[in-house]
Structures are given as structure tokens and as C-alpha cells.
Amino acid sequence: MEELDEIDFELYDIIKEYMPITLSELARNLGHSKSMIYRRVKKLENSGLIKVSYQGGVSIITANQKNDSIITIGILRASEYPYIIKFAKKLENIFNHVKIVVYDEAYKEALDLSIGKLKLAMNPAVSLLAIHRISRGQVHIIGGGSGGGSGIINNLNGKNGHSTSIMSSMELCADMNKLEMPRIYGNSGQEILNKVLKGEVRQGVIWEPFLSIASKNNLKITSCELDTCCLLGAHSSLYDKYDKISKAFSDAISSDISDLEGYANIINMPLDVVKLSVKSYNFFEEPDKNYLKSIINNLRNTILPSDIIERSVII
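The following paragraphs examine the structure supplied in this document.

Before going further, it helps to examine the packing of helix α1 (residues 6–18) against helix α3 (residues 34–46). Viewed as axis vectors pointing N to C, α1 and α3 meet at an angle of 80 degrees, and their least axial separation amounts to 10 Å. Looking at the two axes, α1 sits roughly perpendicular to α3. Residues I7, D8, L11, Y12 and I15 of α1 lie in contact with α3, whose contacting residues are I37, R40, V41, K43 and L44. Considering only residue class, the contact of α1 with α3 consists of seven nonpolar, no polar and three charged.

With that settled, consider the sheet that holds strand β3 (residues 58–63). The strand order across the open sheet built from three strands is β1-β3-β2, with neighbouring strands paired in antiparallel fashion. Lying at the two open borders of the sheet, with one neighbouring strand each, are β1 (21–22) and β2 (50–55). Summarising the sheet, β1 and β3 pair through two bridges and their orientation is antiparallel. Counterpart to I21 in the pairing with β3 is I61. The sheet contacts of α1 involve β1, β2 and β3, and relative to β3 the element is tilted by about 90 degrees.

A word on empty space enclosed by the protein. Across all of its chains, the model carries three cavities of 30 Å³ or more by this definition. Looking at the largest cavity, its volume works out to about 100 Å³. L76, P124, M170, W207 and C229 are the residues nearest the centre of the largest cavity, which is lined by 14 residues in total. Of the residues belonging to the lining of the largest cavity, the class tally is nine nonpolar, three polar and two charged.

As a further point, take helix α6 (residues 125–134). Within α6, the full set of buried residues consists of A125, V126, S127, L128, A130 and I131. Phi turns positive one or two residues past the end of α6, at R136, with a value near 55 degrees.

Rules used in this analysis
- Residues numbered from 1 in each chain as written.
- Predicted model: local features only at pLDDT ≥ 70, side-chain atom pairs only at ≥ 80, totals over all residues.
- Heavy atoms only, no water.
- Axes fitted to C-alpha atoms, helices over the stretch in contact; angles between N-to-C directions.
- Helix = DSSP H or I, 4+ residues; strand = E, 2+ residues; numbered from the N terminus.
- Parallel < 35°, antiparallel > 145°, perpendicular 65-115°, else oblique.
- Contact = heavy atoms within 4.5 Å.
- Nonpolar A, V, L, I, M, F, W, Y, C, P; charged D, E, K, R; others polar.
- Pairing = 2+ DSSP bridges.
- 1 Å grid on protein atoms, 1.4 Å probe; cavity = no way out; pocket = protein on both sides within 12 Å on 5 of 7 lines; lining within 4 Å.
- Points joined across faces, edges and corners; volume = space filled by probe spheres on them.
- Buried < 20%, exposed > 50% of the residue type's maximum accessible area, 1.4 Å probe, protein only.

Interpretation in functional terms is not warranted from these geometric data alone.
See the structure below:
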């Protein structure tokens, strides 16, 4: 079976959202010729992901709703998941096609996992625990992940306050270190870094590879020393496959890291920075429940911070 690429997956997503849809409409949406779209539609049809019917000489295309042969994994733009390519390969023994989607914001990724837009996600423990509660158990933690690789950056000439990402390991670090308020949220590691570099805030909490970039810009760095950051989260629709997925993950994360160039391309970050910063992480096959229990009060503060009333009530 011919391997699907990113354009094929983009095509598949459009078909799912707008079906039934014609070949001409797909070509207009993607800005490609009908002949090119036709070849990719045939690939998707041969993969069993879509159905094509003909009405009055017009191709009507729909997604195969019952098909579970495609799986989408979310990761953050970080040096934290060098094992993700091997994990994706091992998942192909369970699902026919695996798609990796890169996010810049942890909580947005967790929300997409809760509604089933993603089926698997490497996501901060804080976000996964919060979204499990909010979604009434639609999200579970089924595997280990990574720790380390995060820190507080300082610009002594910056304005009062700090920047971090909402309901994440970075915000947990900010709470545990009692950083100076106000807290200004950023939508990506790059945005948080930029706020500190520009002096909009005095401190920022970021992760690798942005931490290494901050170091190159001569910013002072203090380690967050978080033993656990991102864990493997799964949508409950995969419940009957949890054991197989967890086994595939354990095999991938415990094996040697080989394709850092491929991984750097996935997260769209410079290879030299990824090679340097990946060393800041440690990897483990299963989540450490005792560690999570030991920081439960800090987790609660991150999910419901002390200023939540002022932020949420407008009257």
C-alpha cells in the first residue's frame, strides 16, 4: 500500500469536514489541479479511508466514518519527543496510518484530545489531569514520557512580572518558584521567549529547544527541576487498544534515539539546537504516580490559581 503524506492527510481532513464533496471542490480548497487531487483521492480510496461514488458523471467523495485505521498523535514543538518517530512506526502494527500533528500550546492540544480531534497526545501531566476532569473521563494517561528540559529565563532589565503557558508544566514551575506577578500567558515557547527578550516581562518559563536559544541570547537560566513533564494521553475511544498502544510506546521510548534529523524536521527546529537540547530530558516508560501525588497541591494551584476570580468574573 502506498504511504500517505501530509497533503494526503490534509485532503482527508477536508473530506471529513465538508463531505459529501466533489473532486472539483477539493481541488479549489487545496489550490491544486484536479488531476493531482484525483491521484490522491485514489490513494485514500485504496487505503480504505474514503468512499467515492458517481452521480451523473460527478465524483462524490465521503470519509469512511467507521474506519479506525488512521490515528493522529499530537506533540508540542519541543525537543522532548525524539522517540516519536519510532512510536509512530510501531503504531502502524495497530493502525494502518499514523499522522503526527505539532502544537505550540499544551492546553489547546489537550482540548483537541478531549473532543477526539486527536486520539493520542504527548502532553503535560497538568493539562491531562485537568482535561480528564473537564471531559468527564474522555482522556486517560496510558504511558510515561519525559522530564527535565525546562527552566526560568531572566532579563533583569525587563518589566515586572513573568510569562508562561496556561495550565502546563511551565505554569506549574512558575507556581512552585513563586515568580513575581503579574502573569502574562503566551501561546508558544517562542512568544514567551520574545516577551522576555523584549523586556515586556522580567522572567519567562520555557522548555527546550527555546531554553537553549535563550542561553545563546545570554539570558540567565534557572532549572525548573520537574521530574515529570509530558505523558502519553489517549482518548477513551481507543480504550480497547490501550494495552497495545502502551506496549508500543514502552518499546519506542526505551530504544536508542536514531533519527534526530527527521524529528527536527517534524517540529521545524534547527537540527543543531535539537541535538544539544534533547540531552536535557530524561525518559521513562510509565508515569510516576507518587511524584504526581507529592505535587498535588501545586497542581491544584496551577489549575485554579489564586487570581482566577479576578480573571473570570467581569461585573
